[in-house]
Structure formats: structure tokens, C-alpha cells
Amino acid sequence: MIRYIKDLLKNSWALLVGLAVTMRYMFRPKTTVQFPEQKKELGDRYIGYVKMMYETEGEHAGVTKCVACMACVVVCPVSCIQVTHDKHPDPTKKRIAKEFILDYVKCEFCNLCVEACNFDAIIMGHDYELALYDRSVMDMVLVKDMKYHDDLYDASRRQTGSANRSITSPREREIIEVINKKEHEERIKKAAAQSENAS
Amino acid sequence: MTMSKSDQSVHKRSVRFSPERSLFDQLPAETRIVSRRVRTAELRTEEFLLNVGPQHPSTHGVLRLVVSLDGEVITQCDPDLGYLHRTFEKISENRTYQQIVPFTDRMDYLGSMNANWGVAVAVEQLAGIEVPERAEYLRVIVAELNRIASHLMWMGAFGADVGAVTAFLFGFREREMVLDMFEEICGSRLTYGYIRVGGVAEDITPRFVKLAQEFLDLLPSKLNEYHDLLTGNPIFKQRTKGVGVITLDEAIRYGVTGPMLRSCGFPWDLRKDEPYSIYERFDFDIPVYYDGDCFDRYRVRMDEIGESAKIVRQALEGLPEGDFKVKKLARNIKPPVGDVYVRQEAPRGEYGVYMESDGTIKPNRVKYRTPSFSNLSILALMTVGWKIADLVAILGSVDIVLGDVDR
Amino acid sequence: MNTMLSAILGVLILFGVIALQGLILVYMERKVSAWMQSRLGPNRVGPWGLLQTAADIVKLLLKENIRNERSDRVIFFLAPILAFVAPFAAFVTVPFAATIGFRDLDMGAFYVFALGSSVVFAVIWAGYGSNNRYALIGAMRSAAQMISYEVPLVTAVLGVFLVAGTLSLREIVQLQSQGLWYVAVQPLGFVLFLVAATAESNRAPFDLPEAESELVAGFHTEYSGMKFAFFYLGEYAEMLVSSCVLVVLFLGGWLIPFANNANVPTWLHLLSFVSKVYLIIFLMMWFRWTFPRLRVDHLMAFGWKVLMPLALVNLLATGLIVYWLKS
Ligand code: SF4
Ligand code: SF4
């Protein structure tokens with residue numbers, strides 16, 4: 001009998017302790033990050049998806065840095081990179097990538113290709129909002145005719161209609177600001193117009 | 001290092017493992033016999049077959065259980081596996097040694113660091129690669145942080161299984177802090193690929209150290225909250241105490257490892273028993289409980305969080321300067337002919353990698369021994385005689401990751 | 001004719017009020033749970049997410065009604081209606097304020113409890129009719145649970161009726177205005193009633209019939225669209241009714257504490273009633289988002305071995321004291 005009452009009181013007390021925990025949290029600041037408006041700060045090493053780098057100055061500005069050495073093609077565990085090569089417009093260099101295609105569906109974001117590249121030609125971009133409605137565009141062409149080309153970025157912009165997507169990687173922002181600013185703005189405008197038309 | 005009060009186990013029952021005594025001395029003299037209560041109704045009734053999964057809120061992935069019921073009481077439970085089978089062993093046999101590592105992330109996706117580590121060590125032992133000391137420290141730090149994250153997430157999922165949804169959110173909230181740290185050092189939040197053959201992918205940053213210190217300082221108070229919310233709660237105790245008991249004998253026969261084995265009163269932890277890497281340098285305890293029920297599995301894991309925090313603290317303090325990976329490593333490693341079996345203590349139990357080299361750049365045979373598979377195999381035995389509500393609690397207490405079960 | 005018209009009007013008003021309360025309660029449940037879990041809760045639709053539940057209702061209305069081919073058509077259709085109508089009808093006798101209320105029944109309390117326990121039929125029908133094994137288990141659990149909780153629930157309030165000497169809800173409130181509220185007279189009865197009422201309205205930690213992590217969605221696994229919405233609304237109506245009855249029986253109904261209740265405007269009385277009801281509902285939500293779910297046999301044990309003896313002790317003590325005071 002006494003044990004019954006003792007147990008009853010003890011258990012009720014334990015329940016009250018639990019209730020106190022949830023009540024405390026009721027008035028604490030919340031941990032939610034309101035995603036599209038607020039974004040978590042990403043580390044420098046964040047692995048978004050593979051991006052191509054370009055010559056930033058000189059005669060060949062805007063031309064890809066990739067010299068088609070195939071190191072990344074060999075190292076990729078899922079063989080999702082395809083590179084074709086051509087003669088480099090700069091006579092001091094031998095080869096240049098004519099087309100660089102990455103199968104975004106297969107890529108497992110392991111970063112091995114970036115580490116393998118000795119020419120700093122590819123980096124990991126910080127863009128993670130890459131929702132797409134269509135698998136067919138996921139074979140992303142990073143270089144076309146030796147020039148900047150990023151259809152995945154365009155396609156996801158077009159399909160999800162979010163023209164205000166921010167570019168979060170400082171390194172990326174730098175490139176785009178230096179070389180491709182005008183071209184990039186045009187792209188954004190085009191994408192915005194397209195998404196407007198679509199809706 | 002002085003131990004702060006908050007570092008101590010809340011239950012004060014963690015025992016120290018004594019390496020002097022041999023394994024079998026530590027078996028209890030008589031293993032308790034637990035009667036599995038299969039009640040047969042006086043009325044002959046029809047068997048009630050219930051198909052739990054593969055789509056069900058609490059099967060933690062795509063597990064299918066065919067359960068025979070007598071009223072609410074389970075008379076038979078047949079797990080049906082293989083929905084997540086991705087042939088990782090065969091894939092690994094067709095990749096070079098360095099390329100294997102990213103695939104292991106996808107096996108035990110809640111303990112990726114440990115999964116990477118096993119493969120890395122196997123390749124290093126095959127090829128005779130010496131890993132720098134700093135790399136070993138970094139490996140221990142990330143592996144133990146991963147253990148904390150895994151146990152926190154398990155705590156939340158287990159809470160949700162028994163109906164305390166708030167614990168689920170709490171567990172995820174704290175796990176998020178660990179993921180932030182991992183994102184800082186390796187750029188990913190789930191499939192890290194951080195521990196590589198010959199070291200780690202990249203060195204840690206000052207921000208990582210800061211985040212880790214903050215997290216370790218915060219952890220004890222959060223643990224106390226979980227204890228207030230779950231451990232002390234009489235309903236939670238009722239749901240878990242004495243539920244799904246396995247004896248030590250059964251556990252050993254089924255090859256159960258990790259916290260499940262330690263909850264049966266057997267202090268078996270590879271970090272103490274076969275100290276690999278640099279674990280013998282750290283001062284930590286192996287939590288052991290004796291009842292072998294869901295509640296003890298819960299307590300073992302909760303105490304392990306504290307012990308892992310202790311290890312991380314010590315490792316951060318003793319972190320030496322130096323290289324974080326082997327300087328000169330061939331693009332394609334060609335180990336001499338031979339084979340190796342490496343086993344380590346992953347969050348879920350014993351994780352083993354068998355690797356056989358034929359002298360080429362690809363392994364001849366790879367075999368993964370994943371803890372979740374053998375831990376799950378005892379489910380059929382454990383659930384018989386319990387109610388359908390207990391099935392969920394027992395399944396939750398096993399801490400399975402279906403990717404780890406099916407590979 | 002006139003009575004007919006006023007009856008229809010009353011039903012419409014009541015339906016409107018309860019549907020609105022349902023919307024508010026769902027919103028409140030989401031916010032409370034979110035805050036307790038250090039989240040923000042709905043905040044996108046409308047200011048502070050106020051229109052979220054309205055949007056959900058629209059979604060449910062537009063959803064296709066799916067019926068299992070081998071389900072029992074009539075029973076499957078009737079179950080959600082009964083689940084909502086029973087608690088809805090119980091509101092008829094609840095006195096909201098001194099002058100507001102639909103009908104005063106002499107046996108008001110009895111009527112409310114009778115209707116409250118008939119919800120179990122809806123659950124059993126739903127479980128049987130939908131030809132789903134999870135639903136069936138949920139229904140069986142519900143039947144067992146209802147029996148174990150109905151008895152302590154009623155026994156717990158018998159003390160109040162002994163003290164008050166009447167079964168009419170309005171009279172019970174009026175009696176409380178002359179003396180102490182019955183929560184002070186019957187503290188044990190209050191706690192028992194609160195627990196049993198939570199169990200009665202199938203709320204966590206006693207939500208076994210729908211136990212999400214075990215039975216997917218329990219008895220309403222097969223329901224979709226508006227039928228599901230009716231179950232949902234029914235649950236909240238049930239919760240409202242039990243808290244209304246609790247407030248009337250123990251917390252002095254519409255009375256305002258520490259005030260002269262004779263010359264206070266009716267709207268203040270109404271406000272006091274509503275805020276008390278919401279306080280009780282908040283308590284129930286607080287329980288839900290803190291405690292794990294009980295197992296079915298522990299629930300039974302808790303009902304018969306803890307609540308029932310305590311209720312009997314309470315009844316005995318009250319009876320003795322009332323007898324001693326009277327003589
Ligand atoms: S990140 Fe990994 S999988 Fe993706 S392209 Fe690079 S090497 Fe291949
Ligand atoms: S991206 Fe780098 S590694 Fe790959 S082909 Fe081009 S230069 Fe070589």
C-alpha cells in the first residue's frame with residue numbers, strides 16, 4: 001500500500017519533470033532556419049556540384065581552363081565524366097577540352113575529380129538548389145566549344161522558375177563578376193523572361 | 001585530464017573493462033533463461049497475418065516484416081530483407097582501392113566515417129602504408145563525433161517509435177550541430193568520404209575546433225534534458241523495461257555486437273579489446289548493462305554519447321602537428337598479393353572489411369561484415385511473445401540502418 | 001414551427017462554432033507542438049500562418065474519396081458521421097454562460113457521458129468497415145480502451161454529483177458560485193477526470209487506436225478526403241466537449257474568479273468560460289507532445305489499477321464527508 005502510493009508520487013513527479021522540459025522550450029528561441037529567405041552559411045569546402053573554371057584575363061579570357069588531361073575521368077568512381085579535346089587556341093598549350101559533360105544523375109559528390117585536377121580547372125560550386133523536373137537535362141555540359149556553358153544551372157533556373165537564386169560560393173561569385181558578368185546577366189534575364197512566359 | 005562532473009555517466013553504472021581477465025571468464029556463471037511467452041488461446045482462432053512494411057512509418061527504411069498475430073501478441077515474425085541491396089561488394093571489386101571509399105558512405109549512412117575508416121585501414125594494411133599520427137587523431141575525432149551523431153539520431157527515432165515525438169526533434173537538433181562540423185571539414189552532411197586511404201581528405205579548420213568545443217560544452221546539459229524527457233519517464237520505462245529481452249548466450253550465438261551485446265552484460269568493445277588506431281591512448285569507459293532489454297540498449301547508447309565526448313575532448317587536446325595524409329601516394333595503389341580482415345567498432349557494432357589483393361589495382365574480393373545485419377537477425381527471436389506495439393519498440397532498439405543491412 | 005426553426009438555427013450556429021473551433025484548435029496544436037520542439041510551426045499561409053488550417057480543409061475537400069473495394073460500404077460511410085455527430089450533440093446541454101446554452105437537461109451530465117461513450121462505435125465501425133488489418137487492430141484497441149476509461153471517468157465525477165446533489169450542468173455551476181469551486185472540493189476527482197478525459201478523447205499518450213508509429217493511422221488508415229476530415233474534426237470536438245464538461249464540473253463554468261459574478265456582462269462570462277476551456281485543451285496538448293504512448297495492456301492496467309481505485313477512494317471519502325456534514 002505504502003509502496004503503491006510512493007510509486008504513484010514518484011512517477012507523477014517524473015512526469016512533471018518531463019513536462020517542465022517541453023514547457024521551457026516553449027519560450028526559448030527557436031532553431032528553425034526559414035529556408036528560402038534565410039540560408040545557413042556554407043563552409044568553404046561545401047560540395048555542391050562540379051563547376052568549370054575559365055581564364056580570367058588575357059586574350060583567351062572566357063575559355064575553359066580544362067586541358068583535357070583526363071585525370072578526373074580516370075579517377076571518377078562512377079565514370080560520369082566525358083571529355084573530348086581539341087587544339088588549344090593558345091599556341092603555347094597543347095590541348096583544350098572541346099566538350100566536358102558530367103552526368104549529374106550518376107555523380108556521387110565525392111570530390112575526387114576536383115582533387116585529381118592539377119590545373120584547378122574544376123571546383124565544387126556551392127549551389128544546392130538544383131531541383132529539376134526532367135532527367136534528360138541532367139547530362140550537364142560544362143564546356144561547349146571550349147567556352148563557358150552550364151546548362152544544369154540554366155535548366156534548373158528555368159524549370160523551377162526561381163530567377164533570384166543566389167550564388168553562394170565566394171570563388172564562383174568572383175569568376176562570374178570578373179569575366180562573365182555581362183553574359184551572366186543576360187542569362188538571368190533570359191531565364192526570368194522564360195519563367196514568366198511559362199507561368 | 002580532470003574529468004568534469006558532467007562528463008560522468010548519469011546512471012553511474014558504467015563499468016570499466018579489465019583487460020587482464022579473459023573473455024570467457026566474464027560470461028556470467030549462469031545465463032538467465034527468459035521465458036518467451038507464447039500464449040495459445042483456449043479458443044482455436046485464425047492466425048492473423050500482418051504485413052509491416054516495406055512502407056510503414058517505423059521500419060526505418062524499406063524493411064518488410066511478416067508478422068503472425070494472436071490478438072495483439074506476436075507468434076512469429078519473419079523479416080524480409082533485400083529491398084535496398086545495391087551490390088556494394090561487387091562494385092568494390094571493380095574499383096581501384098581509392099575509389100572504394102565513397103561507396104562505403106552509402107552503406108551505413110549514419111556512421112559513414114566509420115565505414116570509410118574500415119576500408120581505408122584495410123587498404124593501408126594490404127599495401128603497408130604508414131599513416132601520420134595527426135591523421136589518426138583526426139580519424140578518431142570524426143569517428144567519435146559520428147558515433148555521437150548516430151546515437152543522437154537513434155535516440156530521437158526510438159523516442160518517436162514509442163510515441164514521444166518531441167524527443168525526435170530534439171535528437172535531430174543536436175545532431176545538426178555535428179553535421180555542421182562535418183560540413184565544415186569535408187563539405188558534405190551525410191556521405192562524407194572524409195577518411196581516405198593514407199589519411200584524411202583535408203585538415204581540420206579552426207572553425208571546426210571552435211564548433212566542436214561549443215558542442216561538447218553543450219552536450220551534457222542536453223543529455224540531462226533527454227534523461228528528464230525520456231529516461232525518467234515512467235511510461236517510457238514501462239514501454240522499454242523488460243521488453244525484447246535477449247540473453248547473453250543468445251546474443252553471442254546470433255553474432256550480435258555493439259550496444260546490443262553490451263546491454264546483455266558483456267563488455268565487448270573493439271576499441272578496448274583490440275585497440276586499433278590510437279584508442280589505447282584515451283581514457284574512456286565502456287558502458288555495460290545487464291538486462292538485455294530495450295531500456296538497457298537505450299542506456300548503453302546514451303552513456304556512450306558521454307564516453308565518445310570524452311574521447312573527442314582528449315583527442316582535440318592532444319592533437320599533434322604534422323601531415324594529415326601520406327605525402328606520396330601512388331595514384332593507383334598496387335598492394336602485394338594477400339588478404340586482410342579489419343574490424344572496428346562502428347556505432348551499431350562490429351564492422352568488418354575483408355579484402356583480398358591479387359596484385360593488381362583492383363581488389364580480388366571484398367566482403368563487408370556489417371553490424372546491422374546480424375543485429376537484425378535476432379529480431380525474429382526477440383519479438384515472439386510481445387505485442388505489436390513492442391515490435392516497433394524492439395525494432396527501434398536494434399538501431400538498424402537498412403542501407404547497412406542490405407548493402 | 002417556431003421551435004423547429006429555432007432548433008435548425010441552433011444546430012447551424014453550433015456547427016459553425018465547432019467547425020471554427022476545430023480550425024483554431026488544429027492551428028493551436030501545430031503551434032504548441034512546434035514551440036515545444038523549438039520549431040516555428042506554420043507561418044507561411046496568411047499572417048502567422050493563421051490560414052494554414054483553412055488551406056488544409058480546402059485541400060481535404062478537393063481530395064478524392066477513396067474507398068477500399070472490399071470494404072463495407074454502409075458502415076464505412078456512417079463511421080465518420082457518427083464520430084462527429086456524437087460529440088457535436090453533446091454540446092446541446094453545455095451551459096456556456098449564465099444565459100447562453102441550448103437546453104438544460106435534468107440529466108445533463110448523464111447525457112454528455114452517454115454520447116461521449118458512443119464515439120467508440122464510430123471507431124469500431126471504421127475499423128471493421130474499412131477491411132484493413134491495421135484499422136481492425138485499432139478498432140479492437142479502442143473498444144478495450146473505452147471500457148477501461150469510461151468507468152473511472154464516471155466514478156471520478158460521481159463525487160461532484162454527491163456534493164452538488166444534482167445532475168444538471170447549469171445547476172452545478174450555480175452551486176459553485178455560492179461556494180468554492182469543485183476543483184478545491186474534489187482535487188483528486190479533478191486530476192482523475194483530466195486523465196480519463198484525455199484517454200476518452202483518444203489523445204496521446206492514450207492514442208492507441210490511431211498509434212501512428214505502430215498502426216500507420218489506426219482506425220482511419222483507409223479514410224481520405226472529407227471523411228478523414230470528419231474524423232479529425234470529431235476528435236477535436238470530443239476534446240472540446242470533455243474540456244467544457246471539465247470546466248463546468250470543476251472550474252466553475254463561466255464564473256470569473258475573485259469577482260462578484262452577479263453583475264458582470266454576459267460576454268465576460270463567455271470569455272471566462274472559453275479561456276478556461278482553452279487552458280484545459282492546452283494542458284492536453286502539453287501532455288501529447290511530452291509523453292510517449294502507453295502500451296495497450298499498460299493502459300488497461302493504468303485504468304483499472306490506478307485510476308479506478310483512486311476514483312473509488314475519492315467516492316468513498318466524499319460520501320462519508322457528505323453524510324457526516326448532512327447529519
Ligand atoms: S564528384 Fe566524384 S562522382 Fe562526381 S564527377 Fe567528381 S569524381 Fe565523379
Ligand atoms: S578538369 Fe582538370 S583533370 Fe579533368 S580533364 Fe580537365 S584539366 Fe584534366
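Summary of the structure given here. (Residues numbered from 1 in each chain as written. Chains lettered and ligands numbered in written order. Predicted model: local features only at pLDDT ≥ 70, side-chain atom pairs only at ≥ 80, totals over all residues. Heavy atoms only, no water.)

What about the overall build of chain B?
- On a plain count of helices and strands, chain B comes out with 15 helices and 8 strands.
- Put simply, chain B has 407 residues, and 62% of those count as buried.
- Counted over contacts in chain B with a minimum sequence separation of 6, partners at least 24 positions apart contribute 74%. (Helix = DSSP H or I, 4+ residues; strand = E, 2+ residues; numbered from the N terminus. Buried < 20%, exposed > 50% of the residue type's maximum accessible area, 1.4 Å probe, protein only. Contact = heavy atoms within 4.5 Å.)

Thoughts on the interface of chain B and chain A
- Across the contact, 32 residues belong to chain B and 31 residues belong to chain A.
- Across the chain B to chain A interface the summed buried area is about 2500 Å²; carbon plus sulfur atoms make up 49%.
- Counting across the interface, chain B meets chain A through 3 salt bridges.
- A salt bridge links Arg-106 of chain B to Glu-108 of chain A, with the nearest nitrogen and oxygen atoms 3.9 Å apart. (Buried area = accessible area lost by both parts, 1.4 Å probe. Salt bridge = Lys/Arg side-chain N within 4 Å of Asp/Glu carboxyl O.)

Describing the pairing of strand E8 (residues 363-369) of chain B
All names here are of chain B.
- Bridge count for strand E7 (residues 349-357) against E8 is 6 bridges, and the pairing is antiparallel. Bridge pairing in E8 links Gly-352 to Arg-369.
- Taking the residues between adjacent antiparallel strands as the criterion, E7 and E8 are bridged by 5 residues, where Gly-359 takes a positive phi near 85°. (Pairing = 2+ DSSP bridges.)

Here's the deal with the sheet that holds strand E3 (residues 73-80) of chain B
- In space, the 3 strands of this open sheet follow the order E1-E2-E3 (chain B), with antiparallel pairing throughout. Looking at the sheet topology across the chains shown, the edges are occupied by strand E1 (48-52) and E3 of chain B. Ignoring strand direction, the axes of neighbouring strands in this sheet form an average angle of 20°.
- As defined by bridge partners, strand E2 (residues 64-70) of chain B adjoins E3 of chain B across 7 bridges and the pair is classed as antiparallel. Note on E3 of chain B: the bridge partner recorded for Asp-70 of chain B is Val-73 of chain B.
- Along the sheet, helix H14 (residues 388-398) of chain B makes contact with E1, E2 and E3 of chain B, crossing E2 of chain B at roughly 150°.
- Strands E1 and E2 of chain B of the sheet are contacted by helix H5 (residues 133-164) of chain C, whose axis makes an angle of about 115° with E1 of chain B. (Axes fitted to C-alpha atoms, helices over the stretch in contact; angles between N-to-C directions.)

Let's talk about the site of ligand 2
- The immediate surroundings of ligand 2 are formed by Cys-66, Val-67, Ala-68, Cys-69, Met-70, Ala-71, Cys-72, Phe-100, Cys-117, Phe-119, Ala-121 and Ile-122 of chain A.
- Grouping the constituent residues of the shell around ligand 2 by class yields 12 nonpolar, no polar and no charged. (Near = heavy atom within 4 Å. Nonpolar A, V, L, I, M, F, W, Y, C, P; charged D, E, K, R; others polar.)

Side note on the site of ligand 1
- The local shell around ligand 1 holds 13 residues, among which Cys-76, Cys-107, Glu-108, Cys-110 and Cys-113 of chain A are the closest.
- Looking at side-chain class alone, the shell around ligand 1 contains 11 nonpolar, 1 polar and 1 charged residues.

Observations regarding the packing of helix H1 (residues 2-36) of chain C against helix H2 (residues 52-62) of chain C
Residue and element names in this part refer to chain C.
- At a closest axis distance of 8 Å, the pairing of H1 and H2 adopts a crossing angle of 115°. Of the two possible hands of crossing, H1 and H2 adopt the one that is right-handed. Across from Leu-23, Val-26, Tyr-27 and Arg-30 in H1, the residues of H2 making contact are Gln-52, Thr-53, Ala-54, Asp-56 and Ile-57. (Left-handed = near helix turned anticlockwise from the far one by under 90°.)

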